[in-house]
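Analysis of the macromolecular model
Spelled out, the chains give:
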Amino acid sequence: HAVCIFYLVLRALDTVEDDMSIPLDVKVPMLHEFHSHLYQPDWKYTESKEKDRQVLEDFPTISMEFRNLSKVYQDVISDICHKMGVGMAEFLEKKVDSQHEWDKYCHYVAGLVGIGLSRLFSASELEDSIVGQDTDLANSMGLFLQKTNIIRDYLEDQLEGREFWPREVWSRYAKKLSDLAKPENIDVAVQCLNELITNALHHVPDVLTYLSRLKNQSVFNFCAIPQVMAIATLAACYNNQQVFRGVVKIRKGQAVTLMMDATNIQAVKAIMYQYVEEIYQKIPSTDPSSNKTQQVVASVRALSLPGSPMASRHHYSPIYLSCAMLLAALSWQYLSTLSKATEEYVQAGEN
């Protein structure tokens, strides 16, 4: 329940941030004060034009359920909501320039989610207190996912008028970020892409350390599956010109296999090893980041040397398999719909 309400609260906050119809002089105070609405039974916002506006229109239902949670959960959710709202407001009025600011932006929108979830896991006593206390590792969990999304979604964000790639990196390859999508710039665009993927891979050691501390099977699956999806996505995007032409997706069967396999730390290490090896095999000798990419791949290899971690996948009960397959089917139905909509948007833009 706590995780569910945490998600809905942040979904509502994110809907405010995304709504371009709200003037900045209204939106900035809304983001700063949003956490206080959790304790106001009647507060709601009915003027949003966003597709997820229901979470704002029905916010009294969400806030009531929030107030029914144990105080230890309320304190975590309110604190993260406050910090995230302040961070979102900060980046409404400026672009991501340096790599430090890229980390900071990703911390506000995703690292804080990892920190909040970790604190909830510890508060529930499903996990040891260290999981919630080690905010650096929890932050890395969020940064790895967010950077993967930002890297993959270059073209979609360009079409929507959003820019999240750090200027410090892309300005070495082009005068404007949008220039990377031009066919004549494809070689330098891919070099820029590879540099950002190399940056994201530096979070993998923290991800493996974090996952190695988890004891509860449900919590482990919840945390591990998005991380293995992310490494598979980065491997698909690495040195791939298609990132600047359309949507790069991992195959449905690949996604189902990852969901089925990522149930223990040794299996996750083997998956990470597999995909960093895939990246290693694609590193161009002429790539400006090739040495850095090789170094980070070596560090992940050292932490995830393969053994015989996949044996456990054959011991699932039928009900576990059924639930996993249902989760996979539902997830891919949603992702396929989202991808189709994106592709139609891209085609409309080209026309």
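What you see is a predicted model, and the numbers here were worked out from it, not measured in a lab.

How each quantity is defined
- Residues numbered from 1 in each chain as written.
- Predicted model: local features only at pLDDT ≥ 70, side-chain atom pairs only at ≥ 80, totals over all residues.
- Heavy atoms only, no water.
- Salt bridge = Lys/Arg side-chain N within 4 Å of Asp/Glu carboxyl O.
- Buried < 20%, exposed > 50% of the residue type's maximum accessible area, 1.4 Å probe, protein only.
- Helix = DSSP H or I, 4+ residues; strand = E, 2+ residues; numbered from the N terminus.
- Axes fitted to C-alpha atoms, helices over the stretch in contact; angles between N-to-C directions.
- Parallel < 35°, antiparallel > 145°, perpendicular 65-115°, else oblique.
- Contact = heavy atoms within 4.5 Å.
- Nonpolar A, V, L, I, M, F, W, Y, C, P; charged D, E, K, R; others polar.
- Core = buried A, V, L, I, M, F, W, Y, C linked by side-chain atoms within 4.5 Å.
- Phe/Tyr/Trp six-rings, centres within 6.5 Å; stacked < 30°, edge-to-face > 60°.
- Lys NZ or Arg CZ within 6 Å of the ring centre and 35° of its normal.

1. Some words on the pattern of salt bridges
One pass over the structure, following the stated rule, counts 20 salt bridges. Close ionic contact of lysine 94 with glutamate 90 constitutes a salt bridge, the shortest N to O distance being 2.9 Å. What makes lysine 94 partly exposed here is its relative accessible area of 31%. By relative accessible area, glutamate 90 is classed as partly exposed at 24%. Residue arginine 152 pairs with aspartate 153 through a salt bridge whose shortest N-O separation is 2.9 Å. One network of salt bridges, with partners in common, ties together Arg11, Asp14, Lys51 and Asp52.

2. Observations concerning unusual backbone geometry
Positive phi, close to 70°, is recorded for glutamate 125, a residue that is not glycine. For asparagine 239, which is not a glycine, the phi torsion comes out positive at approximately 55°. Tracing the sequence through the fold places asparagine 239 in the loop between helix H13 (217–237) and helix H14 (252–261).

3. Let's talk about the packing of helix H8 (residues 135–152) against helix H11 (residues 186–201)
Orientation of H8 relative to H11, taken along the N-to-C sense of each, is 170°, at an axis distance of 9 Å. With respect to H11, the axis of H8 lies roughly antiparallel. Together, Phe144, Lys147 and Ile151 of H8 and Leu193, Leu196, Ile197, Asn199, Ala200 and Leu201 of H11 make up the contact between the two elements. Counted by class, the contact of H8 with H11 contains 7 nonpolar, 1 polar and 1 charged residues.

4. Focus on the nonpolar core
Residues Trp165, Leu180, Tyr210, Leu211 and Phe244 are the most contacted members of the largest nonpolar core, which totals 109 residues. If one sorts the elements of this core by residue count, H13 sits on top with 13 residues. The contact partners of leucine 211, leaving out residues within four places of it in the chain, are Met141, Phe220, Cys223, Ala224, Ile265 and Val268.

5. Observations regarding the packing of aromatic side chains
Inspection of the entire model under this criterion finds 11 aromatic pairs. Here phenylalanine 34 and tryptophan 43 contribute two aromatic rings whose centre-to-centre distance is 5.5 Å and whose plane-to-plane angle is 80°, an arrangement assigned as edge-to-face. For the pair phenylalanine 121 and phenylalanine 222, a centre-to-centre distance of 6.3 Å together with 90° between the ring planes defines the contact as edge-to-face. On the criterion of sequence distance, the pair formed by phenylalanine 121 in helix H6 (residues 99–123) and phenylalanine 222 in helix H13 is long-range, its members being 101 residues apart. Judged by relative accessible area, phenylalanine 121 falls into the buried class, the value being 5%. These aromatic residues form a ring-pair network of at least three members: Phe91, Tyr105, Tyr108 and Phe164. Taking NZ or CZ as reference, lysine 94 lies 4.8 Å from the ring centre of phenylalanine 91, over its face. Its end group placed over the ring of tyrosine 280, arginine 301 keeps NZ or CZ at 4.4 Å from the ring centre.

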